[in-house]
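Here are the chains, one letter per residue:
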Amino acid sequence: EDKVVQSPLSLVVHEGDTVTLNCSYEVTNFRSLLWYKQEKKAPTFLFMLTSSGIEKKSGRLSSILDKKELFSILNITATQTGDSAIYLCAVDFPGAQKLVFGQGTRLTINP
Amino acid sequence: DTGVSQNPRHKITKRGQNVTFRCDPISEHNRLYWYRQTLGQGPEFLTYFQNEAQLEKSRLLSDRFSAERPKGSFSTLEIQRTEQGDSAMYLCASSFPSQIYGYTFGSGTRLTVV
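Residues numbered from 1 in each chain as written. Chains lettered and ligands numbered in written order. Predicted model: local features only at pLDDT ≥ 70, side-chain atom pairs only at ≥ 80, totals over all residues. Heavy atoms only, no water.

Participant: Tell me about the sheet that holds strand β7 (residues 61–66) of chain A, residues and numbers included.
Facilitator: Residues and elements named next belong to chain A. Across the sheet, five strands lie side by side as β1-β3-β8-β7-β6; this open sheet has antiparallel pairing. Single-partner strands in this sheet number two, and they are β1 (3–7) and β6 (56–58). Sheet twist, expressed as the average angle between the axes of neighbouring strands with direction ignored, equals 15°. Strand direction decides the pairing type here: β1 and strand β3 (residues 19–26), joined by five bridges, are antiparallel. Bridge assignment links Ser7 to a residue of β3, and that residue is Asn22. (Pairing = 2+ DSSP bridges. Helix = DSSP H or I, 4+ residues; strand = E, 2+ residues; numbered from the N terminus. Axes fitted to C-alpha atoms, helices over the stretch in contact; angles between N-to-C directions.)

Participant: Got a sec to walk through the interface of chain A and chain B? Specific residues and values, please.
Facilitator: Taken together, the contact between chain A and chain B spans 18 residues of the former and 21 residues of the latter. Roughly 1700 Å² of surface becomes buried between chain A and chain B when both sides are summed, with 60% attributable to carbon and sulfur atoms. Together, A:Lys41, A:Gln97 and A:Phe101 form the three largest contributors to the area buried by chain A at its contact with chain B, with a combined 39%. At the surface where chain A touches chain B, the tally comes to zero salt bridges. Where chain A packs against chain B, one counts three residue pairs in polar contact (both at pLDDT 80 or more). Counting residues per element, the ones that place at least two in the side of chain A that touches chain B are β4 (32–38), β5 (43–49), β9 (85–92) and β10 (99–101) of chain A. Residue composition of the side of chain A that touches chain B, grouped by class: ten nonpolar, four polar and four charged. (Contact = heavy atoms within 4.5 Å. Buried area = accessible area lost by both parts, 1.4 Å probe. Salt bridge = Lys/Arg side-chain N within 4 Å of Asp/Glu carboxyl O. Polar contact = N/O pair within 3.5 Å; in protein donor to acceptor, adjacent residues only side chain to side chain. Nonpolar A, V, L, I, M, F, W, Y, C, P; charged D, E, K, R; others polar.)

Participant: Describe in detail the state of the cysteines, supporting the description with residues and values.
Facilitator: As used in these notes, a disulfide is a covalent bond between sulfur atoms, one from each of two cysteines. All names here are of chain B. Across all of its chains, the model carries two disulfides over all chains by this definition. The side chain of Cys23 participates in a disulfide bridge whose partner is Cys92; the two sulfur atoms lie 1.9 Å from each other. Negative torsions about the S-S bond denote left-handed disulfides, and the value of about -70° found for Cys23 with Cys92 makes this one left-handed. Of this pair, Cys23 sits in strand β3 (residues 19–24) while Cys92 sits in strand β9 (residues 88–95), placing them 69 residues apart in sequence. (Disulfide = S-S within 2.5 Å.)

Participant: Let's hear about unusual backbone geometry: which residues, and what values?
Facilitator: Backbone torsion omega between A:Ser7 and A:Pro8 reads -10°, so that peptide bond is classified as cis. Looking at where A:Pro8 falls in the secondary structure, it is placed in the loop between β1 and β2 (10–14). For the bond running from B:Asn7 to B:Pro8, omega is -10°, close enough to zero to count as cis. Within the secondary structure layout, B:Pro8 lies in the loop between β1 (5–7) and β2 (10–13).

Participant: Could you give an account of the sheet that holds strand β7 (residues 65–68) of chain B, naming the residues involved and the relevant values?
Facilitator: In a beta sheet, neighbouring strands are held together by backbone hydrogen bonds and run either parallel or antiparallel to one another. Residue and element names in this part refer to chain B. On the basis of which strands lie adjacent, the open sheet formed by four strands has the order β1-β3-β8-β7 and antiparallel pairing. Looking at which strands have only one partner, the edges of the open sheet turn out to be β1 and β7. Strand-to-strand twist in this sheet, taken as the mean axis angle between neighbours without regard to direction, amounts to 15°. Summarising the sheet, β7 and strand β8 (residues 75–79) pair through four bridges and their orientation is antiparallel. Looking across to β8, one finds that Ala67 is bridged to Leu77.

Geometric values such as these leave the question of function open.
As structure tokens, this is what we get:
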């Protein structure tokens with residue numbers, strides 16, 4: 001069964017800290033890995049990764065994929081209280097029209 | 001508002017009642033998806049439409065669940081004879097065919113079955 005596992009499930013840090021969120025997957029086929037941020041209701045798209053070793057960056061957020069070891073990390077530097085959210089990782093398969101999500105990491109940034 | 005719109009935002013129902021949710025996707029998007037999210041879990045795929053055709057259904061979608069997209073625009077998700085285990089957030093998303101990463105999610109309908 002295809003599986004996506006995120007760790008940690010919950011993380012509390014102080015504003016200004018750097019955090020690393022992990023996502024590992026066990027899937028029979030793979031097309032891409034996606035990261036989403038879910039603040040209150042709707043998940044919003046952050047990154048899509050398809051190639052190993054190529055870092056995607058957007059401001060203080062960056063992500064990288066290791067297709068050999070089947071994992072991805074999402075880094076957030078100089079965290080702000082507005083980064084508090086649930087971060088979801090999902091995997092997309094060729095030919096399938098669905099995403100398989102991990103459980104999410106609940107990140108809390110304290111001022 | 002040009003995003004994905006879902007109604008109602010919240011629904012409380014008694015066990016055994018039927019409920020129906022509506023999703024209005026972004027008008028240019030011909031793909032529409034329903035996901036279910038329970039507390040502490042990521043969204044789980046339920047079903048997907050391309051235009052009016054329902055092309056894939058999850059095993060999670062028991063025979064009490066039915067989804068339609070009659071004219072390829074808005075979609076409805078009906079749950080018959082609700083059970084407490086149906087309590088969850090029901091998320092709708094839409095996309096263009098070639099932009100699965102461009103899923104746009106709605107804010108969801110939170111269902112509580114009492």
